[in-house]
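Chains, contacts and geometry: an overview
Letter by letter, the chains look like this.
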Amino acid sequence: MLRRVLALMLCLIGSAASAQDRDVPTTLTDLRAELLGLTVPPAAAFTRGDRIIAATEQVTGPIAVVGTVRVEGQVTGDVFAIDGDIIVPAGAVINGNVVAIGGSVRLQGGTITGERRSIGGTLAPTAPLTGSALLQQNVSLTLGWAAVVLLIGVGVLVFGGRTLDTVGQVVDEQFGRSFVVGVLATLGAAPALVLACIGLALTIIGLLLIPFLIVASVLAATGLVALGFLAAARITGCSFLGVRRDTPGTDRSAAVKSLLAGVLFYAVLWLAVAVLTPFPTAAAIVRLAAFGITWAAVTVGLGATILSRGGTQVPWGARTSPTPLAGPPAATWQTPTPISGVAAVRRPTAGTRSGS
Amino acid sequence: MRAALRTAVVFASAIVPSLLAAQSWRSFDAARQVTDTAPVTVKVAYSAGRVILRSDRDGDLFDAHLRYDADRFEPQYSYSASARRLELGVRSLSRSTRWSSDAGSELTLALATAVPFDLSLDVGAAESDLDLSGLRLRSLVLSTGASDTRMHFDTPNPIAAASVRIDAGAANVEALHLANARAERISVNVGVGRVLLDFTGEWTTNTAVDLSTALGAVEFVVPANIGVRIETSSALQSVDFPGLTKRDGAWTSDNYDTAPFRITITSSGAFGRLEFRRTGR
C-alpha cells in the first residue's frame, strides 16, 4: 500500500515538476496519458486521510488528498484523490475536474462542471526493464524462441521428415552452392516481388491479386526460411552428435536428437547474448557473432531449400536421395500388366525380402 | 525415438509459457455531464479487443471506459469543450517484446441521447457491438479492418442522418435496422469481407445506397413494402436478386413505382457477390 502510494506520489511529482526532474522519467510517462490536459498539484499539496467538505462550505481548489473525498458543499477548482473515491452527493457542486487514482468517482446527484476521470487497475510504473529483470526477460525470450523453433521442427520431422532429410542432404553436400543461392535469393526476393507486383498492376484483375501475392510471398518465404534453418540446425546437430549425415532418415530417434542438439546450439549462442546483458560491450560482440552464425545457417538453409525445390528433389550434383523412412520396403518384383507388358519379372529372393 | 521426441516436446512446452508474460491491466474512465445540446464530434480509434457503444441514460454527455494492458498501450483521450470534440482510443507503446493477448482489452462508450453527434469509428481487429439506438446521429462513419462488427439502430434516429458510411476491409459487418438511421444517402465500401445491410425499421425517407465491392459479399434485406432498384455496373459480380426483374438496365421490384418509400442501390466493383432478400417488415 505504502509503496503504491509512493509510486503514485512520484508520478504526480513528475507530472507537476516538468522536464527538470530527471529522477522519475518513467513515472512521468506512466500516467501521463491518463492525466493529459490536467494540471496535477505538486506532491506537497496532497494531504493524508479522508476529507469531507460540508454542505455549508465553499472551498477553492485544487483539493488533493491521499484518501477519500466527500464533497457536500461547493468546490471551485479541481479535486484529486489517490487510493480513494470522490463522492459527490446531491446538492454538491464542483466547478472543475475530479480525478480519482486508484479509486472511483461516485456521482450521486451532484454537479461536476468539468470532467471526471478515474484510473484503476495496475498503477505501478511500467518502467522499461533493467538489470536482473531485463536479463530474465532476455533469457526467457531466447528459450521461448528456441522452444518454438523446436516445436516446429518436431512437427516438420513428424509430418515432413523426407522433405527435411532432402534439404539437410543438400545443406551437407552442397554447402557453398547453397550459401550462394541463399544470398542471391535474399538479395533478389524484394526486387522480384516488386517486379511481380508491377507486372500484375498492368491489368485490373492483376491489380486485385497484388495483396494476395504479397501475403502468399511472405508466407512462402517464411516457410522456406524455416524449413532451411531447421535442416541446417539438424545437420549442425548431426555434427555435434557424430550422427551419420548421409542417411538421416533411417533413424528417427537420431533425427530428433540431432535436431534438438542443433536448435540448442543456436539457442546457446543467443543465450550467451542474453546472459551478457549486464555487459553491453561483450553482449554486442557476442550478438554480432551469434547473428553471423545464425544468418549463415538461415542463408545456407534457404539456398538448400531452393536448390532442392522445397525438399522435393535432390539437385544435380548431390549424391543420392536419402534413405527412405521406415515403412514397407520398395517393391523388388513386378507383376506383368496388360499395359506395361512383361518387361521384367523379378521374384523376391531371400536376400531381398526379409523374413523369407 | 519416442524418448527423444518426448524430451523435445516437454522441453518446448515448458519454455513456451515463459513468453506469455503477465499483463498489467489498467482501467481509465472519463465522463462529462451534459450542459447543453450543441452538436459534438466523436472520433473513436481502437485496434484490438472489444468495443461497445451505447446510449447513456445517466445524464452524461459521454461516459467512456477503457481497459488496456498498460505494458503495451496507453489511452488516447481528449475532449475540447470549445471545439465540441471528443477523441478516444488507445495507442500502442511498441516497447514490449512479449507476446500477450488482446482478450480483455475493452472500450465502452456511452453517449447522450439529447445531443446530436457526428460519429466516426475506426475499429481495427476488434469485436464491436455498436448499439446506436436512441442516439441523435447527424453522421456516421464506420471504418473497420478485420473486425466482427454488429451495428444496430433498434429505435429511430430522432434526427435525420446526413450521411452514413461503412468501410469494411476484411470485416464481417452486420448493420441492422438501417431504416431507423433516417439517412438519405448510405455509402458502403467492402474489400474482402462480408456485409449484411438490413433495411428494416421505420422508413421516413427514400434512401440511396452507393456500394463499392472488391471481392466481398454484400447481402441486402429490404422490407416487402419498399420499392427496390439495384443498378450493377460489373458483369463479373455474382448477383442473386430473387423477386426483382431487369427494367431499364436495373433490377427493379414490381412495387417500385407504387411503394411509399424506395431504395436505390448503385453497385460498382470488379468482383464480389450481391444478395437480395425480402423481409416482412
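All values derive from a computational prediction rather than experimental measurement. (Residues numbered from 1 in each chain as written. Chains lettered and ligands numbered in written order. Predicted model: local features only at pLDDT ≥ 70, side-chain atom pairs only at ≥ 80, totals over all residues.)

**Observations concerning the overall build of chain A**
Along chain A, the regular secondary structure elements total seven helices and 13 strands. Burial statistics for chain A: of 356 residues in total, 33% are counted as buried. Considering only contacts in chain A between residues 6 or more positions apart, those separated by 24 or more positions represent 47%. (Helix = DSSP H or I, 4+ residues; strand = E, 2+ residues; numbered from the N terminus. Buried ≥ 20, exposed ≤ 12 C-beta atoms within 10 Å, placed from the backbone. Contact = placed C-beta atoms within 7 Å.)

**Overview of the packing of helix α4 (residues 175-200) of chain A against helix α7 (residues 280-307) of chain A**
Residues and elements named next belong to chain A. The N-to-C vectors of α4 and α7 enclose an angle of 95°; their axes lie 6 Å apart at closest approach. The orientation of α4 relative to α7 falls into the category roughly perpendicular. On α7, the residues that touch Phe175, Arg177, Ser178, Phe179, Val180, Val181, Gly182, Val183, Ala185 and Thr186 of α4 are Thr299, Val300, Leu302, Gly303, Ala304, Ile306 and Leu307. (Axes fitted to C-alpha atoms, helices over the stretch in contact; angles between N-to-C directions. Parallel < 35°, antiparallel > 145°, perpendicular 65-115°, else oblique.)

**Side note on the sheet that holds strand β9 (residues 93-95) of chain A**
Residues and elements named next belong to chain A. With parallel pairing, four strands are arranged side by side in an open sheet as β3-β6-β9-β12. Each edge of the open sheet carries a strand with a single partner, namely β3 (58-60) and β12 (111-112). In this structure, β3 lies alongside strand β6 (residues 74-76), joined through three bridges in parallel fashion. From the neighbouring strand, Gln58 faces β6, where its bridge partner is Gln74. (Pairing = 2+ DSSP bridges.)

**Considerations on α4 of chain A**
Residue and element names in this part refer to chain A. Taking 1.5 Å as the rise per residue, α4 with 26 residues should run 38 Å; its terminal C-alpha atoms sit 35 Å apart, in good agreement. At Gly188, α4 shows its maximal bend, which comes to roughly 40°, and the proline Pro191 appears one to four places after that position. Looking at α4, one finds that the buried residues are Ser178, Val181 and Gly182. (Expected span 1.5 Å × (residues − 1). Bend = angle between axes of the 7 residues up to and from the residue.)

**What about the confidence of the model for chain B?**
Residue and element names in this part refer to chain B. On average, chain B scores 86 in pLDDT, and the residues at 70 or more come to 88%. By mean pLDDT, helix α1 (residues 2-15) is the weakest element of chain B at 55, and strand β8 (residues 116-123) is the strongest at 94. Across the interface, the model reports ipTM at 0.79; the global pTM reads 0.64. (pLDDT = per-residue confidence, 0-100.)

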